[in-house]
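Letter by letter, the chains look like this.
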Amino acid sequence: MQSYIFLDLDDTLFQTLRKCAADDPKLQARAFLSDGSPNSYATHKQQWLWQWLEKGFKIVPVTGRDGHAFDRVTLPFQEEVVLNHGAVILDKQRNIDSAWMDGMTRALPRYHGKLLEIWAEIEAYCRRCHGFKPQLVHDFDTLWYGVIKHVDGTETTLKTLLDSLIKTHPHIIDGSLYWHLNGNNLAVLPKIINKESAVRYLIDGYKQQHPELLTFGAGDSKTDAPFMALCDYALIPKNTQLFKSLALAE
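The residue count restarts for each chain, going from 1 along the sequence in the order it is written. Where local features are concerned, this predicted model is filtered to residues with pLDDT of at least 70; where side-chain atom pairs are given and counted, the filter is 80 or more; whole-chain, interface and lining totals use all residues. Calculated side-chain values reflect all of the structure's heavy atoms, with hydrogen atoms and water omitted.

A. Quick peek at helix 1 (residues 44–56). Comment: elements are numbered from the N terminus, with helices defined as DSSP H or I runs of at least four residues and strands as E runs of at least two. By definition here, a helix of n residues has an expected span of 1.5 Å times n minus one. The terminal C-alpha atoms of helix 1, which comprises 13 residues, lie 19 Å apart, in line with the 18 Å expected from a rise of 1.5 Å per residue. Three labels apply to residues, based on accessible area from a 1.4 Å probe with only protein chains included: buried if under 20% of the type maximum, exposed if over 50%, partly exposed otherwise in between. Among the residues making up helix 1, those that are buried are Gln46, Gln47, Leu49, Trp50 and Leu53. The buried residues of helix 1 all sit within an arc of 155° when viewed along its axis, so they share a single face. Turned more than 90 degrees from where helix 1 packs its buried face, Lys45, Trp48 and Lys55 sit exposed. Arc, as used here, means the arc of the directions from the helix axis to the C-beta atoms.

This is the structure in structure tokens:
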């Protein structure tokens, strides 16, 4: 039986130093900024997890990172890669999956106008309030979605923008766009960009290759839950957004 794990990266397999015990002598750098400085680290337990997964699973990263940020992750992934929250799939040779990309680029233009409309309002809000850093994400020559960070590094201030503007926006209410907040990342995305659809596409392909397939999903965020639900088993890091939401639901 062939086993696959669909694996979120940030806050699942590594995280920023702010989220680690800074005096931990066993931390290892796992991802780097564009200037070469390390910015994400794996704890000793996360290092052990990676070593264990390497022995028995085909590991498919499923990440919100774009192509450049993924290239700065040092782990030796061998399988397909899901980038940009599901917008892009790369094959094992790191070429674009053309069938997936063709479908995305055909469907995406109908959402661009709505994304740019809400984004103009977001940028106007951010100009009035100190510390917000909005950015539209372009990757592989395509505009995919927008993300906002804040200099205070927490969800608290981002939530004011979310509650006052984004949640009540007509394009959010009608389901054309959706939002995602986790830590210092507030994203606004077209509904067709999601990890669940990309993972389903890959699972369907793997089933054609392997008569018996065992799948695991691992992630820390509420937006990881739908793709994890496609899998036979789910792995959730302790004290993460998804872990806490499940604990509160009990």
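So that's the structure; there's more coming.
B. Main features of the packing of helix 4 (residues 109–128) against helix 5 (residues 155–166). At their nearest, the axes of helix 4 and helix 5 sit 11 Å apart, and the two run at 130° to each other. One way to sum up the angle between helix 4 and helix 5 is to call them oblique. Considering how the two elements wind past one another, helix 4 and helix 5 form a crossing that is right-handed. Every residue of helix 5 that contacts helix 4 at Ile118, Glu121, Ile122, Tyr125 and Cys126 is listed here: Thr160, Leu161, Ser164, Leu165 and Ile166. Charged residues are taken to be Asp, Glu, Lys and Arg, nonpolar residues to be Ala, Val, Leu, Ile, Met, Phe, Trp, Tyr, Cys and Pro, and polar residues to be all remaining types, Gly included. Of the residues assigned to the contact of helix 4 with helix 5, the class counts are seven nonpolar, two polar and one charged. Axis definition: a line fitted to C-alpha atoms, over the contacting stretch in the case of helices. Angles run 0 to 180 degrees between N-to-C directions. Orientation is classified from the angle alone, with under 35 degrees giving roughly parallel, over 145 giving roughly antiparallel, 65 to 115 giving roughly perpendicular, and any other angle giving oblique. Less than a right angle of anticlockwise turn of the near helix away from the far helix marks a crossing as left-handed, whereas a clockwise turn marks it as right-handed. Residues are treated as being in contact if the distance between any of their heavy atoms lies within 4.5 Å.

C. Representation of the sheet that holds strand 8 (residues 142–150) within the structure. DSSP-based pairing: two strands are paired if at least 2 bridges between them are found. Spatially, four strands are ordered 7-8-10-9 in an open sheet, and the strand pairing comes out antiparallel. Because the sheet does not close on itself, it has two edges, and the strands there are strand 7 (132–139) and strand 9 (177–182). Between one strand axis and the next, the sheet turns through 20° on average, direction left out of account. Here strand 9 runs beside strand 10 (residues 185–190); their pairing, made up of six bridges, is antiparallel. Residue pairing in the sheet places His180 in a bridge with Ala187 of strand 10.

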